Structure formats: structure tokens, C-alpha cells
Amino acid sequence: MKNPTPDWEIVDDQGFTWLRLGMDRSSIRAILGPYRTFRRWHAPTETDHFVETGFLVTYGLDDHASLFEVTTPAAPRLAGVVLLERPLDDVVQELAQAGLRVTYDMEAKLVGATVHGWLKLYAPGDAVEAVSIGD
């Protein structure tokens, strides 16, 4: 990663100040470094997995980022709240206290929460394992 100490604060529904939905694939690869590309069984487009940084980036048919999935070792925050590797209930409570609209999700046996309809927290157990932004 060219930015060794990125600001992990999620600023809006487009992502971080330094990594935005809609960026082209080559720009993202230049920022995030080594990757592996794969295609999900249900999607017509490719996803790059940046293992060292904890990012999965899915691209649209136009080769621009349409979805970020963030896992450790990344340390994303929203409204100053640390999102990963913490109990879902604690994260939801802190986000709500920060004035954000948070709803719990129960869909296809996946448990988590959605913030303002655009950020998803994935917590199949007690702790949040991933954050997704985009479609």
C-alpha cells in the first residue's frame, strides 16, 4: 500500500478520503498493492482481494469500483467508532449514540446491521468481521 498509515475513517457512502467508489481498477491497485482476482459465482464482474490490506474491491462492468468489503488488518471507523473485531451490539449502540440510523439485519442466515442504508456490518458470530460499502 502506498499510503502506509491511511485514515481509516469512512467519510460517506463513497468510502474513505483516499479510496472512493467509482475509482478505476488501476488506480485502486496502485494504492492497495498486491492482489488476487476472482469472480463470484453470482456476479458478472471481477473482485480483487488485497489480502495484505484487508480489502476486497468489486468492479462494475465499466471497470470502476462498485463495492468495498473491508476486513482486518484494516481498521475502518465510522463517526469515530471502531467497526471490526468488536461485538455487534456494542458497535450498533455506539453508532446510534453518534446519531446514526442503524438497523439490525437477518437475511439468508447472515446476521449484521445496516447504517443509513449504505454501510453494512457483517457479524455471523458475536463480533463484526467485515464492513461493506456500495452495491
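Going by the structure above, here's the rest.
Just so we're clear, the structure is a prediction, and the values are computed from it rather than from any experiment. (Residues numbered from 1 in each chain as written. Predicted model: local features only at pLDDT ≥ 70, side-chain atom pairs only at ≥ 80, totals over all residues. Heavy atoms only, no water.)

Undergrad: For this particular structure, what's the right way to read the pairing of strand β4 (residues 55–59)?
TA: Moving residue by residue along a regular strand, the side chains alternate between the two faces of the sheet. Burial runs high along β4: five of the five residues are buried. With burial as the criterion, each face of β4 is covered, one bearing F55, V57 and Y59 and the other bearing L56 and T58. As paired strands, strand β3 (residues 46–50) and β4 are joined by four bridges and run antiparallel to one another. Residue pairing across strands places F50 opposite F55, the latter belonging to β4. Connecting the antiparallel pair β3 and β4 is a turn made up of four residues, with G54 showing a positive phi of about 85°. (Buried < 20%, exposed > 50% of the residue type's maximum accessible area, 1.4 Å probe, protein only. Helix = DSSP H or I, 4+ residues; strand = E, 2+ residues; numbered from the N terminus. Pairing = 2+ DSSP bridges.)

Undergrad: Before we go on, may I ask you to explain the nonpolar core in this structure?
TA: Among soluble globular proteins, nonpolar side chains are generally buried collectively. Grouped together as the largest cluster of nonpolar side chains are 36 residues, with contacts concentrated most on L19, I28, L32, F55, L83, L95 and L121. For this core, the secondary structure elements donating two or more residues are α1 (25–32), β4, β5 (65–70), α2 (88–97), β9 (110–115), β10 (119–122) and β11 (130–134). Looking at this core element by element, the count peaks at four residues for α2. Apart from the residues lying within four places of it in its own chain, the contact partners of F55 are W8, F16, W18, L19, L32, D48, H49, F50, E69, V70 and A74. (Core = buried A, V, L, I, M, F, W, Y, C linked by side-chain atoms within 4.5 Å. Contact = heavy atoms within 4.5 Å.)

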